[in-house]
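Below are the chains, spelled out letter by letter.
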Amino acid sequence: MSARILIIEDEDRIRQFLQRGLSFEGYRVDAAADGNAGLELARENPPDLVLLDIMLPGIDGIEVCRRLRQVSEVPVLMLTAKEAIEDRVAGLDAGADDYLVKPFAFDELLARVRALLRRVQPAQPQVFRFADLELDTGTRQGRRGERTFDLTAKEYELLELFMRHPRQVLTREQIFDTVWNYDFGGESNIIEVYVRYLRQKTEAEGGSRLIHTVRGIGYVLREE
Ligand code: CA
């Protein structure tokens, strides 16, 4: 069963972005736009992790964190637009486990989320399989037939995204949002560059193409 994440964030754009991105990653996601609604959701569906904005209308994130802490040990990752050190200290004092300053890269948020969840639920390595391609989330290595290959951090993230969504056309924007950044850099060719790296690794020694270009849209993991 995937982890349940509760997002408490009043800014619609960020809340929806997080909700979409985390759901896409396979988490079960609940979201609230203010502290009281968030605390209520936390009671109804106890989360495995809370993403908590500090600046909220009504009761602020610091107070939400204090109240959560009275009833739960759930990991709390604070989101703050402020660089101010006092905010981070106040958040940590209130019982938050970590914080992230906005704007943040989505992959950094994911890394923090995974790290916090690992503390409470020891990682269960998983092997994704598609055709004769495998990806081991424990060793973070790929395997094609009998040949094992190493992956850089970004190559791994990109391949994991494809392996989680086989035969599904992933748009450039979905890929960029998930693997790279908060804002879509439409002119960037970074996706092409990394797809090329992955093709080199997965197609070495005569392997057939598995990552296909869908012209004008994005990419898809499928057999010829
Ligand atoms: Ca806010």
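Nothing here was measured: the structure is a model prediction, and the numbers come from that model.

Calculation rules
- Residues numbered from 1 in each chain as written.
- Predicted model: local features only at pLDDT ≥ 70, side-chain atom pairs only at ≥ 80, totals over all residues.
- Heavy atoms only, no water.
- Phe/Tyr/Trp six-rings, centres within 6.5 Å; stacked < 30°, edge-to-face > 60°.
- Helix = DSSP H or I, 4+ residues; strand = E, 2+ residues; numbered from the N terminus.
- Donors = N, O, S within 2.8 Å, 3.2 Å for Na, K, Ca; no water.
- Domains from an automatic or database assignment.
- Contact = heavy atoms within 4.5 Å.
- Buried area = accessible area lost by both parts, 1.4 Å probe.

Asks: Explain the packing of aromatic side chains residue by residue, including any values.
Replies: Applying the stated criterion across every chain yields a total of two aromatic pairs. With centroids separated by 5.4 Å and ring planes inclined at 75°, the aromatic side chains of phenylalanine 17 and phenylalanine 106 adopt a geometry described as edge-to-face. Here phenylalanine 17 is found in helix H1 (residues 12–24), whereas its partner phenylalanine 106 is found in helix H5 (residues 106–120), with 89 residues between them in sequence. With centroids separated by 5.1 Å and ring planes inclined at 80°, the aromatic side chains of tyrosine 194 and tyrosine 197 adopt a geometry described as edge-to-face.

Asks: I'd love a proper account of the coordination of the calcium ion, names of residues and values included.
Replies: For the calcium ion, the protein coordination sphere consists of Asp10 (OD), Asp53 (OD) and Met55 (O), at 2.1 to 2.3 Å. All donor residues of the calcium ion come from one chain, and their arrangement in sequence is D-x42-D-x1-M. One end of the pair, aspartate 10, is in the loop between strand E1 (4–8) and H1; the other, aspartate 53, is in strand E3 (residues 49–53), with 43 residues separating them in the sequence.

Asks: Requested: an account of the domain arrangement of the protein chain, with residues and values cited.
Replies: Many structure descriptions define interface size as the accessible area lost when the parts assemble. Each assigned domain of the protein chain is listed with its residue range as follows: domain 1 (4–120) and domain 2 (127–221). The straight-line distance from the C-alpha centre of domain 1 to that of domain 2 is 29 Å. At the junction of the two partners, domain 1 supplies 12 residues and domain 2 supplies 15 residues. Here domain 1 and domain 2 share an interface that buries about 1200 Å² over both sides, 48% of which is from carbon and sulfur atoms.

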